[in-house]
Amino acid sequence: MEYFIGVFGIVSDVQILFTLTVLFILATLFAGLMRILLLWVYTRFSYDTGVDLGLKLYKNVLNEKYESHINRNSSEVLNALSTKINDVVFKVI
């Protein structure tokens, strides 16, 4: 504690209270900014993962044999893919 008093040149109780209040506010702001940054990184990662997963799945469906496309309803396949991709991105990741 004496180190802080020497560094900041504190001589009274009011200055100690003011310095601690400012340090607490700065720590709170830093923690809030870190939470926002972590949320942005997490969201970006989730959406990027969903895009990569979607591209690979759609590519696999499009590269199937012609007979499999004839026998299935394409709207059902696309609906199932988009539903499953959304489930993975929003519920798992």
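Above this text is the structure in question.
Our subject in this report is the structure included herewith. As a convention, each chain's residues are numbered from 1 in the sequence order in which they are written. The model is predicted, so local features are restricted to residues of pLDDT at least 70 and side-chain atom pairs to those at 80 or more, both for listing and for counting; the totals for chains, interfaces and linings are taken over all residues. In computing side-chain properties, one takes all heavy atoms of the structure into account and sets aside hydrogens as well as water.

Examining the overall build of the protein chain
Turning to step 1, where the next piece is worked out: The helix count covers DSSP runs of H or I at least four residues long, the strand count covers runs of E at least two residues long, and both are numbered beginning at the N terminus. The number of helices and strands found in the protein chain is four helices and zero strands.
Turning to step 2, where the next piece is worked out: Ordering the α and β elements of the protein chain from the N terminus gives α-α-α-α.
Turning to step 3, where the next piece is worked out: The C-alpha radius of gyration computed for the protein chain amounts to 27 Å, which surpasses the reference 12 Å derived for 93 residues by more than 25%, pointing to a less compact arrangement than a globule.
Turning to step 4, where the next piece is worked out: We call a residue buried when its accessible area falls under 20% of the maximum for its residue type, exposed when it is over 50%, and partly exposed in between, using a 1.4 Å probe and counting protein chains only. Residue burial in the protein chain is summarised as follows: out of 93 residues, 11% are buried.
Turning to step 5, where the next piece is worked out: In this description, accessible areas are obtained by the Shrake-Rupley approach with a 1.4 Å probe, and a residue is regarded as covered only by the protein chains that are shown. Accessible area of the protein chain: about 8,100 Å², with a carbon and sulfur share of 69%. Computation of the radius of gyration draws on C-alpha atoms, with the globule rule given as 2.2 Å multiplied by the number of residues to the power 0.38.

What to know about the side chain of Thr 19
Turning to step 1, where the next piece is worked out: Checked against the element boundaries, Thr 19 lands in helix α2 (residues 13-62).
Turning to step 2, where the next piece is worked out: We call two residues in contact when some of their heavy atoms are within 4.5 Å. In this view, Thr 19 contacts Phe 8 and Ile 10; residues no more than four positions away in its chain are not counted.

Some details on the packing of aromatic side chains
Turning to step 1, where the next piece is worked out: Stacked, tilted and edge-to-face are the three classes applied to pairs of Phe, Tyr and Trp rings, where Trp contributes its six-membered ring and a pair requires centres within 6.5 Å; stacked means planes under 30 degrees apart, edge-to-face means over 60, and tilted covers the rest. If you walk through the whole model with that rule in mind, you get one aromatic pair.
Turning to step 2, where the next piece is worked out: Between Tyr 47 and Phe 90 the ring centres are 6.0 Å apart and the planes differ by 80°, which places this aromatic pair in the edge-to-face class. With Tyr 47 in helix α2 and Phe 90 in helix α4 (residues 74-92), this pair connects stretches of sequence that are 43 residues apart.

Remarks on the environment of Leu 53
Turning to step 1, where the next piece is worked out: Structurally, Leu 53 is set in helix α2.
Turning to step 2, where the next piece is worked out: Accessibility expressed as a relative area gives 30% for Leu 53, which makes it partly exposed.
Turning to step 3, where the next piece is worked out: The spatial distance from the C-alpha of Leu 53 to the C-alpha of Ile 85 is 7.2 Å, given a sequence separation of 32 residues.

Quick notes on α4
The α-helix winds at 3.6 residues per turn, so residues separated by three or four positions along the chain end up facing the same way.
Turning to step 1, where the next piece is worked out: For α4, built from 19 residues, the straight-helix expectation of 27 Å at 1.5 Å per residue is met to within 8% by its first-to-last C-alpha distance of 26 Å.
Turning to step 2, where the next piece is worked out: For α4, the full list of buried residues reads Val 77, Leu 81, Ile 85 and Val 89. Seen end-on, α4 carries its buried residues on one side only, within an arc spanning 85°. Opposite the buried face of α4, at more than 90 degrees from it, the exposed residues are Glu 76, Phe 90 and Lys 91.
Turning to step 3, where the next piece is worked out: The secondary structure elements touched by the buried residues of α4 are α2. Working rule for helices: expected span equals 1.5 Å times residues minus one. To be clear, the arc concerns the directions from the helix axis to the C-beta atoms.

A few points about the side chain of Ser 46
Turning to step 1, where the next piece is worked out: One can find Ser 46 in helix α2.
Turning to step 2, where the next piece is worked out: Dropping the residues within four chain positions of it, Ser 46 is found in contact with Val 89 and Ile 93.

Looking at the packing of α2 against α4
Describing two packed helices takes the angle between their axes plus the distance from one axis to the other.
Turning to step 1, where the next piece is worked out: Structural elements are reduced to axes, namely lines fitted to C-alpha atoms, with helices fitted over the stretch in contact, and the angle between N-to-C directions of any two is expressed from 0 to 180 degrees. At their nearest, the axes of α2 and α4 sit 10 Å apart, and the two run at 155° to each other. The angle between α2 and α4 falls in the class roughly antiparallel. Of the two elements, α2 crosses α4, and the hand of that crossing is right-handed. Two secondary-structure elements touch here, α2 through Ser 46, Tyr 47, Gly 50, Leu 53, Gly 54, Leu 57, Tyr 58 and Val 61 and α4 through Val 77, Leu 78, Leu 81, Ser 82, Ile 85, Val 88, Val 89 and Phe 90.
Turning to step 2, where the next piece is worked out: Residues were grouped as follows: Ala, Val, Leu, Ile, Met, Phe, Trp, Tyr, Cys and Pro as nonpolar; Asp, Glu, Lys and Arg as charged; and all remaining residues, including Gly, as polar. Here the contact of α2 with α4 is built from residues that sort into 12 nonpolar, four polar and no charged. What sets the label is the angle itself: under 35 degrees gives roughly parallel, over 145 gives roughly antiparallel, 65 to 115 gives roughly perpendicular, and the rest give oblique. By definition, any crossing whose near helix is turned counterclockwise from its far helix by less than a right angle is left-handed, and any crossing with a clockwise turn is right-handed.

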